[in-house]
Amino acid sequence: MKIELYDTTLRDGTQRKGISFSVADKLKIAQKLDELGFHYIEGGWPGSNPKDAKFFKLAPNLNLNQAVITAFGMTCRKGMKPAEDPNMQQLLVADTKVIALVGKSWDLHVYEVLRTDLKENLRLIEESCAYFVSHGKRVFYDAEHFFDGFKANPDYALQTLEAAIRGGAEQIVLCDTNGGALPWEIAQIMDKVRQQIKIPLGIHAHNDGGLAVANTLIAVKHGATQVQGTINGYGERC
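To keep things clear, this report deals only with the structure shown in the data block. (Residues numbered from 1 in each chain as written. Predicted model: local features only at pLDDT ≥ 70, side-chain atom pairs only at ≥ 80, totals over all residues. Heavy atoms only, no water.)

Comments concerning the nonpolar core
Here is step 1: The biggest cluster of nonpolar side chains holds 59 residues, and the ones touching the most others in it are Phe 132, Tyr 141, Phe 146, Leu 161, Leu 174 and Val 193.
Here is step 2: Once residues within four sequence positions are removed from consideration, Phe 132 is found in contact with Met 88, Leu 91, Leu 92, Ile 99, Leu 101, Lys 137 and Val 139.
Here is step 3: One finds Tyr 6, Tyr 40, Ala 100 and Val 102 within the second-largest nonpolar core, a separate group that totals 7 residues. (Core = buried A, V, L, I, M, F, W, Y, C linked by side-chain atoms within 4.5 Å. Buried < 20%, exposed > 50% of the residue type's maximum accessible area, 1.4 Å probe, protein only. Contact = heavy atoms within 4.5 Å.)

Next comes the structure, spelled out in structure tokens:
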């Protein structure tokens, strides 16, 4: 079984106190990650700051042997169509082959963070994925807080993944965003997801409980074929 390595040092890694990469730093790190053999390098969030936008403008000048630069963003805003959302347009301007799109999988966050209903969230996921696929992009869907969401409402958590698949996502990345899942929970939930979701699965584990490596390894044992992480555990609890 081939395992893809997806590095998010340049995005998740920068979400940590004391780390602030310059554009030159980000370009040098991307070059080194390619030399180390990573398959994907998440360059940043082009809609969030000018520095990341500049990185994506300069990244095509890198001499990469195998790594694919990806851009990160969120599903479109509630009540909007993707074509109306400025952040969606910034992702297109980044001009990467792959877009990692994060969306809500926990019904609690649909109600309390997005302040919308469950049906609208499914629309946001499906239409956002479909929008980028229609522009010739490959889409990896990051299911934010998936394991907490699954424990709270498994049927709805799975519906969010199905919405991404309907939109054309080619890979689903299950995120333990709070870092609170235990290895046996990861194993059980991965097995249940694989019964219903037939496209490749990835794992993105945070380390709040000191279990990110263990959870990642058990996820691979139970079918994950993409591993996401950061160099030296830099970043937002990765």
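Notes on helix H5 (residues 118-134)
Here is step 1: The terminal C-alpha atoms of H5 lie 24 Å apart, and with 17 residues this matches the ideal 24 Å at 1.5 Å per residue to within 8%.
Here is step 2: Considered for burial, the residues of H5 that qualify are Glu 120, Asn 121, Leu 122, Leu 124, Ile 125, Ser 128, Cys 129, Tyr 131 and Phe 132.
Here is step 3: Of the surrounding secondary structure, the elements contacted by the buried residues of H5 are helix H3 (86-94), strand E4 (98-104), helix H4 (107-112), strand E5 (138-144) and helix H7 (154-166).
Here is step 4: You can read the cap of H5 off the contacts: a side-chain oxygen lies 3.2 Å from the backbone nitrogen of Lys 119, and it is on Asp 117.
Here is step 5: Gly 136 sits one or two positions beyond H5 and adopts a positive phi of about 80°. (Helix = DSSP H or I, 4+ residues; strand = E, 2+ residues; numbered from the N terminus. Expected span 1.5 Å × (residues − 1). Polar contact = N/O pair within 3.5 Å; in protein donor to acceptor, adjacent residues only side chain to side chain.)

Remarks on the side chain of Lys 137
Here is step 1: Along the chain, the position of Lys 137 falls in the loop between H5 and E5.
Here is step 2: Only 3.4 Å separates the side chain of Lys 137 from the side chain of Asp 95, close enough to count as a polar contact.
Here is step 3: In this structure Lys 137 touches Leu 92, Asp 95, Thr 96, Lys 97, Ile 99 and Phe 132, once residues within four positions along its chain are discounted.

Thoughts on the state of the cysteines
Each disulfide consists of one covalent bond between the sulfur atoms belonging to two cysteines.
Here is step 1: Taken as a whole, this structure holds 0 disulfides when the rule is applied.
Here is step 2: A disulfide-free cysteine, Cys 76 has its sulfur positioned 10 Å from the sulfur of Cys 129, the nearest such atom.
Here is step 3: On the basis of relative accessible area, Cys 129 is assigned to the buried category, the value being 0%. (Disulfide = S-S within 2.5 Å.)

Regarding the environment of His 135
Here is step 1: Residue position: His 135 is located in the loop between H5 and E5.
Here is step 2: Expressed as a C-alpha distance, the spacing of His 135 and Val 113, which sit 22 residues apart in the sequence, is 29 Å.
Here is step 3: Here the side chain of His 135 touches Ser 134 through a polar contact of 3.3 Å, side chain to side chain.

Observations regarding the pattern of salt bridges
Here is step 1: This model, assessed by the stated rule, comprises 14 salt bridges.
Here is step 2: Residues Lys 151 and Glu 185 are paired through a salt bridge, measuring 3.3 Å at the closest nitrogen-oxygen approach. In this pair, Lys 151 is assigned in helix H6 (residues 146-152) and Glu 185 in helix H8 (residues 183-196), connecting sequence segments 34 residues apart.
Here is step 3: On the basis of relative accessibility, which here comes to 41%, the residue Lys 151 falls in the partly exposed class.
Here is step 4: A single network of salt bridges, built from pairs that share partners, joins Lys 81, Glu 120, Arg 123 and Glu 127. (Salt bridge = Lys/Arg side-chain N within 4 Å of Asp/Glu carboxyl O.)

Honestly, that's just the spatial picture; any functional story needs more than this.
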